[in-house]
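Structural description and commentary
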Amino acid sequence: MSVPKFDLDTLLVYHGSRPDAQHGSVIPPIFQTSTFAQESPGEYGDYDYTRTDNPTRTVLQTTLAALEGAKHALAFASGMAAADAAMSLLEAGDHLVAVDDIYGGTYRFIVDVVEKRGIQCTFVCMDEEQKVRDAVRPNTKMIWFESPTNPLMNLVDIQMIARVAKDAGAISAIDNTFLPYYQQPLEQGVDIVMHSMTKFINGHSDVVMGCLMMNDDDLYEKTKHLQNAMGATPSPFDCFLAQRGMKTLAIRMQRHEENAMKVAQFLDGHAKVEQVMYPGLTSHPHHELAKTQAKGFGGVLSFKVATDLDGTVRFLKATNLFILAVSLGGVESLIEQPATMTHFEVPKKVREQVGITDSLVRASIGIESPTDLIADLDQALAKI
Ligand SMILES: *Cc1c(COP(=O)(O)O)cnc(C)c1O
C-alpha cells in the first residue's frame, strides 16, 4: 500500500480509516479469528494463525510505525512483553546497561528474570556521558533507558546514548512511553523504541498493550520471530481499541501538555509544595535538553509535598477529581505515590539513592478542564 506523504497528525487518522475493499467499511473490521483457511496444505495468503499475524494487528502496526517514523513496528500483549522481546535479543554471557531511575516493573523484570538468564546488568545514572561509558564492558550488548525517566522526570541525552551504544557495538533501546507523538528517538540514532501502549498511545485506560519500533531489517526479523515464538501477542479487539485511540493521539497529547504546564505552574508557586519536576518548567535542570530532543514536554509531572508519609497519604486521599491509581496517559487525571505504589518493589535504599522519597507524588494530567484540576489539587493540599 503506498501512502501519500502526509504529516503525522494526518497519518494517525488515515491508517485507521481506509475503506475496506469488500464492503467499503470506513473502519477496518476486527478480525476476531484465531486461524485462516488455506488453499491447499501449506499454501496460505497473508495470514495463517493469529499469534503469528492478524489483519487488525497489521493496521495497528502500520500506524505505530508512522508514529515513530519507523520502517517496522510490532505490537505485544503488554509493555513488559515488548520489553521482554527486546531484551530476549540478549544471550547468556551478555551484559546490559540500564538507567538507574527506571520504571519499577522494568527494574523487577531485569532483576528477577533477565539476570537469571545469565545476563549481567549494571544500573547507572545517565546524566553524564562518562558515567555511561564507564558502565560499558566488552560484552555489553544493549543500553536501555527512558527519557523522561519515571517518576523523577529526569532527561537523558538521546543522541549521547545512541553514540555510546554505537561505539560499543551495542543496541540502544529507549522506553518512550512518556512522550509518544512529541519525541521520535529513531531519528536521533536509537535502534529500538519501546512503548507501553497502555498509557498515552491507547489513551483511554482500557487496554494493556506494548510495542517495539525499529528501522533495521535484521533487528525487525529477529524481534518478529520472538513475537511469534514467545507468543505474548495482543488480541484483535485490543488492537482495534488501540487503533481507535491513536486517531486522537495528536490532539490528546496537545491538551495533556497544555494542562500539565498549567498544573506545574500552579504547584511551582504553592507553599505546600517543595519541588516540581516537569521538563516544561524553565527551572527544570534539563529544560534546554528537552527542547532540543522533543517537540513537547508531555502530560506527566512529579512533585514533592512539604510533609511526611502520613501527610502525603492525607493529600492523596483528599483529591476528588484526580483518581488515586497507578498507570498514566489516559484522558482522566490520575495521581499516585511511587514509594508505595508503582515503585514499591524497588528496594528502599535504591529508591532513596535516586530520590524517590515518601513525599514524592506523580500525577498524570488528563484532558479535563485545567481550572477544575487545579482547584482539586488546591483543596487537597490544604488537607496536609
Ligand atoms: C507502564 C509502563 C511500562 C509497562 O507497561 P505495561 O503495559 O504495564 O506492561 C513500562 N515502562 C513505562 C515507562 C511505563 O509507564
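Below, the structure is looked at part by part. (Residues numbered from 1 in each chain as written. Predicted model: local features only at pLDDT ≥ 70, side-chain atom pairs only at ≥ 80, totals over all residues. Heavy atoms only, no water.)

By the element assignment, His287 lies in helix α10 (residues 287-293). A polar contact is formed between the side chain of His287 and the backbone oxygen of Leu281, at a distance of 3.5 Å. Those residues in contact with His287 that sit more than four places away from it in its chain are Pro279, Gly280, Leu281, Thr282 and Phe297. (Helix = DSSP H or I, 4+ residues; strand = E, 2+ residues; numbered from the N terminus. Polar contact = N/O pair within 3.5 Å; in protein donor to acceptor, adjacent residues only side chain to side chain. Contact = heavy atoms within 4.5 Å.)

An ideal rise of 1.5 Å per residue puts 18 Å on 13 residues; helix α2 (residues 55-67) measures up with 19 Å between its terminal C-alpha atoms. Burial within α2 is extensive, with 10 of its 13 residues counted as buried. All of the buried residues along α2 are Pro55, Thr56, Arg57, Leu60, Gln61, Thr63, Leu64, Ala65, Ala66 and Leu67. Tucked inside the fold, the buried residues of α2 contact α1 (8-14), β1 (72-76), β7 (210-214), α7 (217-230), α8 (236-246) and α9 (249-268). N-capping of α2 is provided by Asn54, with a side-chain oxygen placed 2.8 Å from the backbone N of Thr56. Count one or two residues on from α2 and you reach Gly69, which has phi positive near 60°. (Expected span 1.5 Å × (residues − 1). Buried < 20%, exposed > 50% of the residue type's maximum accessible area, 1.4 Å probe, protein only.)

The calculated volume of the largest pocket comes to roughly 710 Å³. In this structure, the largest pocket is lined by 30 residues; those nearest its centre are Tyr47, Pro55, Thr58, Val59 and Thr62. Among the secondary structure elements, those contributing two or more residues to the lining of the largest pocket are α2, β1, α7 and α8. A total of 7 residues in the lining of the largest pocket trace back to one element, the largest contributor, which is α2. (1 Å grid on protein atoms, 1.4 Å probe; cavity = no way out; pocket = protein on both sides within 12 Å on 5 of 7 lines; lining within 4 Å. Points joined across faces, edges and corners; volume = space filled by probe spheres on them.)

The next subject is the pairing of strand β2 (residues 95-99). Taking burial as the measure, the 5 residues of β2 include 5 buried ones, the bulk of the element. A two-sided burial pattern is seen for β2, the buried positions comprising His95, Val97 and Val99 on one face and Leu96 and Ala98 on the other. Bridge count between β2 and strand β3 (residues 120-124): 5 bridges; the pairing is parallel. The partner of Val99 across the bridge, within β3, is Val124. Handedness of the crossover is the feature at issue here: the chain leaves β2, passes through helix α4 (residues 104-114), returns alongside β3, and the resulting connection is right-handed. In the sheet, β2 pairs with strand β4 (residues 140-146) via 4 bridges, with the strands oriented parallel. Bridge pairing in β4 places Val97 opposite Ile143. (Pairing = 2+ DSSP bridges. Right-handed = clockwise from strand over helix to strand, strands pointing away.)

Our next topic: the packing of aromatic side chains. This structure, assessed with the given rule, holds 7 aromatic pairs. Taking the centre distance of 6.4 Å and the plane angle of 70° together, the rings of Tyr278 and Phe297 count as edge-to-face. Here Phe297 lies in the loop between α10 and β9 (300-305) and Tyr278 lies in the loop between β8 (273-277) and α10, a separation of 19 residues in the sequence. (Phe/Tyr/Trp six-rings, centres within 6.5 Å; stacked < 30°, edge-to-face > 60°.)

Two numbers describe how helix α3 (residues 79-87) lies on α4: the axes approach to 11 Å, and their chain directions differ by 45°. Of the possible angle classes, the one that applies to α3 and α4 is oblique. Viewed along their axes, α3 and α4 form a crossing whose handedness is right-handed. Here α3 contributes Met80, Ala83, Asp84 and Met87 to the contact with α4, which in turn contributes Gly105, Thr106, Phe109, Ile110 and Val114. Broken down by class, the residue content of the contact of α3 with α4 amounts to 6 nonpolar, 2 polar and 1 charged. (Axes fitted to C-alpha atoms, helices over the stretch in contact; angles between N-to-C directions. Parallel < 35°, antiparallel > 145°, perpendicular 65-115°, else oblique. Left-handed = near helix turned anticlockwise from the far one by under 90°. Nonpolar A, V, L, I, M, F, W, Y, C, P; charged D, E, K, R; others polar.)

For Asp378, the location among the structural elements is in helix α13 (residues 370-381). With a relative accessible area of 36%, Asp378 lands in the partly exposed category. Beyond its immediate stretch of four places on either side in the chain, Asp378 contacts Phe266 and His270.

Turning our attention to the pattern of salt bridges. One pass over the full model with this rule turns up 14 salt bridges. Between Arg117 and Asp84 there is a salt bridge whose closest N-O contact spans 3.0 Å. Of this pair, Arg117 sits in the loop between α4 and β3 while Asp84 sits in helix α3, and the two are 33 residues apart along the sequence. Residue Arg117 is classed as partly exposed on the basis of its relative accessible area, which comes to 32%. Judged by its relative accessible area of 16%, Asp84 falls in the buried class. The partner of Lys222 in a salt bridge is Asp218, and the shortest N-O contact between them spans 3.1 Å. Linking Lys222 with Asp218, this pair stays in helix α7, spanning 4 residues, or about one helical turn. (Salt bridge = Lys/Arg side-chain N within 4 Å of Asp/Glu carboxyl O.)

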